[in-house]
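The chain contents come next:
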Amino acid sequence: MNFPNLSALAVRERSVTLFFILLSVCVGVYSFFSLGRAEDPSFTVRFVVVSAVWPGATTEELQTQVVDRLEKRIQEIDYLYNIETTIRPGQAILQIEFQDFAPGDIVPDLFYEVRKRMMDEASNLPAGVIGPIVNDDFADVYFSLMAITAPGFPMRDLTREAESIRDRLQRVPGVLKAQVLAERAERVFVEFNMTYLSQLELSPQDVFAAIQAHNQLLPAGAWELDGPRVYLRIAADLSDQEQLAAVPLRIGNHLLRLSDIADIHYGYEDPPSYFVRAQGEDALLLGVVMRSGENGLEFGQRLGEFVESERSRLPLGIELSVITNQTKAITGAVNLFQIKFLVAVIVVMGVSILAIGFRAGLVVGIAIPLTLGLTFLLMKLAGINLDRITLGALIISLGLLVDDAIIAIEMMIVKMESGWDRVRAASHAWSVTAAPMLFGTMVTVAGFVPIGFAQSGVGEYAGNIFWVLAYALLVSWLVAVTFTPYLGVKLLPDYSASGHSGLYQTPLYQKLRVFISACVTYRKTVVALTVSLLILSVVAMSSVVQQQFFPSSDRPEVLISIQHPQGTSILTTDVTVRKLEAILSEVDDVKSLSAYIGAGAPRFFISANPEQPDPAFAKIIAIGHDEVSRDRIIDMLQAHIHAGAFPEARVRVSKLLYGPPVVWPVSFRVVGEDPLKLREIAYQVRDVMREHPHAEDPHLDWDERIPSMHLVMDKDRIRLMGLTPMDVAQQLQFQLNGVPVTEIRQNIRTVQMHARGQRVEHSSPEDIEIRTQEGRSIPLSQLGVFEVRYEEPVIKRFGGERFLAVHADVSGAQAPDVTADIWQALGDIRQALPEGYRIDIGGTVEQSGKADASIQKLQPLMLVLMLIFIMLQMRSFSGTFIVVATAPLGLVGAVLALLLFDQPFGFVALLGLIGLGGILMRNTMILTQQVQDNFEEGMNARDAVVEAAVQRARPVILTAFAAVLAFVPLTFDSFWGPLAYVLIGGVAVGTLITLIFVPALYALWFRCGEAPSQNAAS
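Values in this document were obtained by computation on a predicted structure and should not be read as measured data.

Chemist: Got a sec to walk through the overall build of the chain? Specific residues and values, please.
Modeler: Per the secondary structure count, the chain includes 34 helices and 30 strands. Sorting the 1018 residues of the chain into buried and exposed places 55% on the buried side. Long-range contacts, defined as pairs at least 24 residues apart, comprise 80% of the intrachain contacts of the chain with a sequence gap of at least 6. Carbon and sulfur atoms form 57% of the exposed surface of the chain, whose accessible area is close to 43,600 Å². Looking at the chain, you have 81 positive and 107 negative side-chain charges, and the mean spots of the two groups are 6 Å apart.

Chemist: Could you give me a rundown of the environment of Glu84, with the residues and numbers involved?
Modeler: By secondary structure assignment, the location of Glu84 is in strand 2 (residues 80-88). Sequence spacing of Glu84 and Pro485 is 401 residues, and the spatial spacing of their C-alpha atoms is 61 Å.

Chemist: Break down the domain arrangement of the chain for me, citing the residues and quoting the values.
Modeler: By domain assignment, the chain separates into domain 1 (1-34 + 357-503), domain 2 (46-139), domain 3 (203-255), domain 4 (557-680 + 801-840) and domain 5 (706-791). On a C-alpha basis, the centres of domain 3 and domain 4 stand 53 Å from each other.

Chemist: Any details on the packing of helix 14 (residues 422-446) against helix 28 (residues 843-874)? Residues and values, ideally.
Modeler: Between two packed helices, what matters for the description is the angle formed by their axes and the separation of those axes. In the contact formed by helix 14 and helix 28, the axes pass within 9 Å of each other and the chain directions differ by 175°. Between helix 14 and helix 28, the interaxial angle falls into the category roughly antiparallel. Counting all contacts with helix 14, which are made through Ala435, Pro436, Phe439, Met442, Val443 and Ala446, the residues of helix 28 involved are Met862, Leu865, Met866, Phe869, Ile870, Leu872 and Gln873. Of the residues assigned to the contact of helix 14 with helix 28, the class counts are 12 nonpolar, 1 polar and no charged.

Chemist: Tell me about the confidence of the model for the chain, and please be specific about residues and values.
Modeler: Per-residue confidence for the chain gives a mean pLDDT of 84, with 97% of residues at or over 70. Across residues 1011-1018, where pLDDT falls below 50, the model places 10 contacts with residues more than four positions away in sequence or in other chains.

Chemist: Describe the nonpolar core, and please don't skip the residues or the numbers.
Modeler: In terms of nonpolar packing, the biggest core is built from 186 residues, with Met379, Ile396, Phe907 and Trp976 touching the most fellow members. Of the residues forming this core, the biggest block, 16 residues, is contributed by helix 13 (residues 388-417). Split by domain, the residues of this core number at least three in each of domain 1 (1-34 + 357-503) and domain 4 (557-680 + 801-840). In this view, Phe907 contacts Ile451, Val458, Gln548, Phe549, Phe550, Ala851, Asp852 and Ile855; residues no more than four positions away in its chain are not counted. If you look at the next biggest cluster of nonpolar residues, it comprises 28 residues, including Val50, Ala92, Val107 and Met118.

Chemist: Let's hear about the environment of Ile778: which residues, and what values?
Modeler: With respect to the helices and strands, the residue Ile778 is situated in strand 26 (residues 777-779). With 39 residues separating them along the chain, Ile778 and Val739 place their C-alpha atoms 21 Å apart. Setting aside residues up to four positions removed in sequence, Ile778 forms contacts with Met721, Ile768, Glu769, Ile770, Thr772 and Leu783.

Chemist: I'd like to hear about the side chain of Ser7, residue by residue, with values.
Modeler: Its location among the elements puts Ser7 in helix 1 (residues 6-12). Within polar-contact distance, the side chain of Ser7 engages the backbone oxygen of Val481 at 2.8 Å.

Chemist: Could you give an account of a nonpolar patch on the surface, naming the residues involved and the relevant values?
Modeler: On the surface, Trp223, Leu225, Val230, Leu232 and Ile234 cluster together to form a nonpolar patch covering roughly 480 Å² of accessible area. When you line up the elements, Leu225 lands in the loop between strand 8 (222-224) and strand 9 (229-231). With relative accessibility at 48%, the residue Leu225 sits in the partly exposed group.

Chemist: I'd like a description of helix 7 (residues 204-213), backed by residues and values.
Modeler: What helix 7 keeps buried is the set Pro204, Val207, Phe208, Ala210 and Ile211. Within helix 7, the buried residues cover an arc of 160° as seen down the axis, which keeps them to one side.

Chemist: Requested: an account of the packing of helix 2 (residues 14-34) against helix 12 (residues 358-382), with residues and values cited.
Modeler: Close contact between helix 2 and helix 12 brings their axes to 7 Å; oriented N to C, the two are set at 50°. Between helix 2 and helix 12, the crossing angle belongs to the class labelled oblique. Crossing geometry of helix 2 relative to helix 12 is assigned as left-handed. On the side of helix 2, the interface is formed by Ile21, Ser24, Val25, Val27, Gly28, Ser31, Phe32 and Ser34, while helix 12 contributes Leu370, Gly373, Leu374, Phe376, Leu377 and Lys380.

Chemist: Quick one: what's the story with unusual backbone geometry, residue by residue and with numbers?
Modeler: In this chain, Gly131 is followed by Pro132 through a cis amide linkage whose omega measures 5°. For Pro132, the position within the fold is in strand 4 (residues 130-135). Positioned with a positive phi, Asp697 is a non-glycine residue whose angle comes to about 55°. Looking at the secondary structure, you find Asp697 in strand 21 (residues 695-700). Not every positive phi belongs to a glycine, and Asp902 is a case in point at roughly 55°.

Chemist: Lay out the sheet that holds strand 23 (residues 739-746) in plain terms, naming residues and giving numbers.
Modeler: One open sheet accounts for 4 strands, arranged 12-7-24-23; its pairing is mixed. The open sheet terminates on both sides in strands that have one partner only, identified here as strand 12 (262-268) and strand 23. Direction aside, the axes of adjacent strands within the sheet are offset by 25° on average. When strand 7 (residues 186-192) meets strand 24 (residues 749-757), the two strands line up parallel, connected through 6 bridges. Bridged to Phe189 within strand 24 is His754. Against the sheet, helix 25 (residues 725-736) contacts strand 7, strand 23 and strand 24, and its axis sits at roughly 105° relative to strand 24.

Chemist: How would you summarise the side chain of Ser592 if you had to cite specific residues and measurements?
Modeler: Within the secondary structure, Ser592 is located in strand 17 (residues 590-597). Contact partners of Ser592, with chain neighbours within four places excluded, come to Gln279, Ile323, Ile621, Ala622 and Ile623.

Chemist: Explain the packing of aromatic side chains residue by residue, including any values.
Modeler: By the definition in use, this model includes 19 aromatic pairs. Between Phe32 and Phe376, the ring centres sit 5.2 Å apart and the planes meet at 50°, which makes this aromatic pair tilted. Placement of Phe32 in helix 2 and of Phe376 in helix 12 is noted, with a sequence separation of 344 residues between them. Neither residue differs from the other here; Phe32 and Phe376 are each classed as buried. Linked through ring pairs, Phe453, Phe466, Trp467 and Tyr471 together constitute an aromatic cluster. Of note, Arg156 hangs over the ring of Tyr266, and the distance from its end group to the ring centre comes to 5.4 Å. If you follow Arg424 out to its NZ or CZ, it ends over the ring of Trp420, 3.6 Å from the centre.

Rules of the game
- Residues numbered from 1 in each chain as written.
- Predicted model: local features only at pLDDT ≥ 70, side-chain atom pairs only at ≥ 80, totals over all residues.
- Heavy atoms only, no water.
- Helix = DSSP H or I, 4+ residues; strand = E, 2+ residues; numbered from the N terminus.
- Buried < 20%, exposed > 50% of the residue type's maximum accessible area, 1.4 Å probe, protein only.
- Contact = heavy atoms within 4.5 Å.
- Areas by Shrake-Rupley, 256 points an atom, 1.4 Å probe, with all protein chains shown as cover.
- Lys, Arg positive; Asp, Glu negative; His and termini not counted.
- Charge placed at Lys NZ, Arg CZ, Asp CG, Glu CD.
- Domains from an automatic or database assignment.
- Axes fitted to C-alpha atoms, helices over the stretch in contact; angles between N-to-C directions.
- Parallel < 35°, antiparallel > 145°, perpendicular 65-115°, else oblique.
- Nonpolar A, V, L, I, M, F, W, Y, C, P; charged D, E, K, R; others polar.
- pLDDT = per-residue confidence, 0-100.
- Core = buried A, V, L, I, M, F, W, Y, C linked by side-chain atoms within 4.5 Å.
- Polar contact = N/O pair within 3.5 Å; in protein donor to acceptor, adjacent residues only side chain to side chain.
- Patch = residues over 30% accessible without salt bridge, like charges linked within 9 Å, V, L, I, M, F, W, Y side chains within 5 Å.
- Salt bridge = Lys/Arg side-chain N within 4 Å of Asp/Glu carboxyl O.
- Arc of directions from axis to C-beta.
- Left-handed = near helix turned anticlockwise from the far one by under 90°.
- Pairing = 2+ DSSP bridges.
- Phe/Tyr/Trp six-rings, centres within 6.5 Å; stacked < 30°, edge-to-face > 60°.
- Lys NZ or Arg CZ within 6 Å of the ring centre and 35° of its normal.

See the structure below:
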């Protein structure tokens, strides 16, 4: 390189070099212990949820009068990707997703645009619609979920205690949010004796007015005095039950108390819409969101100290328990990294010592912590935490960053064995290897550009792979050309001079030379075989290797989803939940058990989307002691399910998954307008899915229709009775469910008062009586005729279009493979679809397609960068072509490794395959540079090619072998395992093929096939 010789400078200014080595150690240790810790990298969840409530409305009415209007307003917002809407009687929930490439810093502005448009549209919605309500906290990931339980303790008092704990928890350093979750709304019930009301000729509306008049908080004026202003206060507070009972009611000239005609008691929302149990006891949850950039281990320690402190101050009978906590996952990941790091360092040092001697291996071993120390410093400056992604990237870098140190020290040894002094040999390493190593490093780094700059959720999640590898590899080059020559001068032993030519005349090198010469002689055969292997690997990758999106997590949680038929009441759903809780409570492997009835659990894991409210749905989270315990719990539950223990519901047991949320691995959406036609097509899709041996439990998202009872009234008749449909509806609501009257102010809560008739068991709706304005009671049967009609329990829309999904789990195969098979089998059905209907692929394939597309968009940029770096180094088209030709050779070894170890190829493995091309081209660049050096020394073409392969065989094989062994610890990791196998097979086999293929390709390109010269042979 024309740049000043840094190697010569480093060995000349030895005190300065030693100072920077010691400084690198110090700042590396400091940076490592001060880096933030987290389970997963922080990234922007581009979801926001909008809900609207319209009591009494059917799904069709909500769709046409509310949902359609809201969706049209949301479609006006930039970066919108999709709106998935779920409509149930009286309620609609819109889950809005923005494009993955929407910049993270403008996502809050997009959420604001949603909120603004919803506020604008609210005035245009029908009377009685509540909302729309925007929930932009949907993306919050709770660092910890804690349960507060107190058997026999009133829930309202427990809520006040929970609020006190929340207030103190919010003051813990590092807490962004502390929230009380799963609180059951309090109610004050006033239950009227309908007979008394009828006899007293007192209407409920008169009673409601009296209650409101005694509870309305209004200003009563103030006096302006010479001193302070004096406010006049009027007591209008019914928070005390005795005051409520004493509300006077005037009937003629008489006064009655409210308690004379009604029973008053405190309770809760009835029926509940959502509630939680922990260890079988009713519970409230405390959710903690950690502030961005905090050290997860230190924050977890502070949180643990807070929990212990709170337990000591809680009243007797109240328990505070931790359900989920990321601290354990972070601790396990960091500890595992340290173990794997130590193993990798020992392995690399061992390989180096065996190959090039103890002292040379020691130099390489010292270079590793120096490189990582400076890498930690750069991570600290860039604000990158230690998490699942960066820890894996650091372990990957261990297998790559030793290359430069090995090449530099090996070049020193070669020159010292040729009779050079150690200082001159150290300086020469810069002249010969610095440029190829630098451009080779740049090529390797460029291989990871797509993931570093991918505009997608997975790109944001896994993008730090690029930055950490870039830091580590560039620092490794700097260490190799500065610190390594200095350490070599200090630590390498004296080598006996054997001459340059004598170094490569050992029996092993002679055999290698003969083999390489044969490859050059039979160059066409070698190139043809290599290309054939590559083609065969491409075919195997697309047809034989299992396809995957993201692997399953190794966390100990077991997720149990309970789905009853649509329209099932929440209390019926709870019966099944209690059956499962009873089974799990007897299992020793279960460390923690929590149940969520009416909706999913709060987001405690970044890839787990909370299920939306549904009274027919519940979720149980059973946490095992470890991964083995988790698998035993799953097997036990599956045995109960297969034995038919829960015929009333679909019970599904699953693990947590890495990557974007995917509820069902195999899913197809049937899109169209007519719900009956959608069902007909969906049945056909389900039947095809059932024929696939690996599709488990294919089913429609919903199938049933729910009954509703319609009272068809003669409007003229009821008007003559002095009634209107509104009067009838209000009285029925009052008697059956109750109506809100006012809100009572109780401490920190505002409690809704509900008035209703005293509970009477009616054998049939006809027995209910309606009161006319004249005070007469009329049986409901006299108002009209009852008709039983069936209606849709749920409507789902995707992008504004109605759809019905067909789902299935997968067993014994991977979801993309099963989806591809079923999609092909659906060909005839898709061809015969009526106009306006179609079938879309959902599930894993849909999500993986988004992720892969974001990577593929940047592959041209990756290729251009690689070509630039290669051309700058090779300075010729022929050399550039030969280097690029070796890029895909790693696929041969990658496919072989995946098949041998039965590993799937997914998104994580794809990252390894993309980076593998850069790794192999780096080795080829060093090899081709040696060919050019040999040309300059006067060798003929054939000798230059053969001798280059012989001379560079030791460092290339050594670095490849060290990398392979360094990747081995990653094979035991559930997330990084497939990538590790790709790199192991690709580097090992690809390097060997490169040593054979490059000389043959060179010989074929330059037509140098004559016999080896006497000079080279000697």
